[in-house]
Amino acid sequence: MKSILINVFLFVVLFTACNHQQLDIKANYSELPETEEQKFEEVLKLKEKSLTQNSFEVMKGYASKYLLASHNPVSSGVVSNYFWYVYNALPEFVDENERHHGYYEGENDQPEEERMIAYAIYKTDRSSENLNKIFEMVKPELKSIVSKEIYNSLNIDQEIETRIRTYDFIVEIDNYKDLLEEAYIHADTATGVVYDDGDSLFFETFHGAYGLDVYHLAGIICQHLKIDRYDPFYENASLSFWMRRNHEGNMETVYNILQEIHTIYNN
């Protein structure tokens, strides 16, 4: 599953904000089957296959009801809510590599209409231009929508600080962008991970319910970045966050957004 901190924070604010009249937010629904297009347009209230003010109201209602819920069927908290009500609610037509294949696979029985709304939220374009547009719109409303008390109670501040420190460490590595992309390609086809016990290398096949978990993934990234097991950043979970942002081409943009969020909540 993709690291979802930035998704959760921006989407919760975006889809609970009050004024979307001036928004021109991009989304990519290219994998939507023709047989589902009419239903999708009706549910999302699209106009000529484009998002409308009413579309944002639909997503706003979904986010308010589910992403800010006090709990979900498996846990509680905004990250867990995003997992259950967005990531694990994606319709079956979404590429299986994008969907959850772990312990809770097939457990979410939300109706088709709600799954389509989850898909619409999930497929919001993550280009730097789009992310900047979203953030500039929501920035004045951040602390009124997500209070500092909630921000701290959900440990968002700690998560953001960790990602900022990890970014600062990664960018000091020579050729880090190419190495992160190599790690991404490796992880995309991995069936296990190579470990170095100090004397020799050995290969461990994935057997867990979630397959390639975040720590195995971090181990692969460390191999490519040549981070040894004695380094404080070894198997740091934030490494995969930045690997994915690098692949999306928005690494610097997300870093700047995280810094701004951190400054807003600590001033």
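Below is a short write-up of the structure.

What counts and how
- Residues numbered from 1 in each chain as written.
- Predicted model: local features only at pLDDT ≥ 70, side-chain atom pairs only at ≥ 80, totals over all residues.
- Heavy atoms only, no water.
- Helix = DSSP H or I, 4+ residues; strand = E, 2+ residues; numbered from the N terminus.
- Buried < 20%, exposed > 50% of the residue type's maximum accessible area, 1.4 Å probe, protein only.
- Salt bridge = Lys/Arg side-chain N within 4 Å of Asp/Glu carboxyl O.
- Axes fitted to C-alpha atoms, helices over the stretch in contact; angles between N-to-C directions.
- Parallel < 35°, antiparallel > 145°, perpendicular 65-115°, else oblique.
- Left-handed = near helix turned anticlockwise from the far one by under 90°.
- Contact = heavy atoms within 4.5 Å.
- Core = buried A, V, L, I, M, F, W, Y, C linked by side-chain atoms within 4.5 Å.

## Some words on the environment of Gly 219
Of note, Gly 219 is situated in helix H11 (residues 214–225). A residue is classified by how much of its surface remains accessible, and Gly 219, at 7% relative accessible area, is buried.

## Topic: the pattern of salt bridges
For the coordinates displayed, the defined rule picks out nine salt bridges. In this structure, Lys 65 engages Glu 114 in a salt bridge whose closest nitrogen and oxygen atoms are separated by 3.9 Å. Here Lys 65 is found in helix H3 (residues 53–67), whereas its partner Glu 114 is found in helix H5 (residues 112–122), with 49 residues between them in sequence. Glu 114 sits in the buried class, given a relative accessible area of 16%. The partner of Arg 245 in a salt bridge is Glu 248, and the shortest N-O contact between them spans 3.0 Å.

## Comments concerning the packing of helix H9 (residues 156–170) against helix H12 (residues 238–248)
Each pair of packed helices gets described by two things: the angle between the helix axes and the distance between those axes. The N-to-C vectors of H9 and H12 enclose an angle of 65°; their axes lie 9 Å apart at closest approach. Judged on the interaxial angle alone, H12 and H9 are roughly perpendicular. Where H9 crosses over H12, the two elements pack in a sense that is right-handed. For the pair H9 and H12, the contacting residues are Thr 162, Arg 163, Thr 166, Tyr 167 and Ile 170 in the first and Ser 238, Leu 239, Phe 241 and Trp 242 in the second.

## Topic: the nonpolar core
Judged by nonpolar contacts, the single largest core of 37 residues is most densely connected at Leu 180, Ile 221, Leu 225, Trp 242 and Ile 261. Elements represented by at least two residues in this core include exactly helix H6 (128–138), H9, helix H10 (176–189), H11, H12 and helix H13 (251–265). Looking at which element gives the most residues to this core, the answer is H13, with seven residues. Core analysis: the second largest hydrophobic core is formed by 29 residues, Tyr 29, Met 59, Phe 83 and Met 116 among them.

## Description of the packing of H3 against H5
Across the interface, H3 lies against H5 with an axial gap of 10 Å and an inter-helix angle of 100°. It follows from the interaxial angle that H3 and H5 lie roughly perpendicular. Of H5, the residues touching H3 (which contributes Val 58, Met 59, Tyr 62, Lys 65 and Tyr 66) are Glu 114, Ile 117, Ala 118, Ala 120 and Ile 121.

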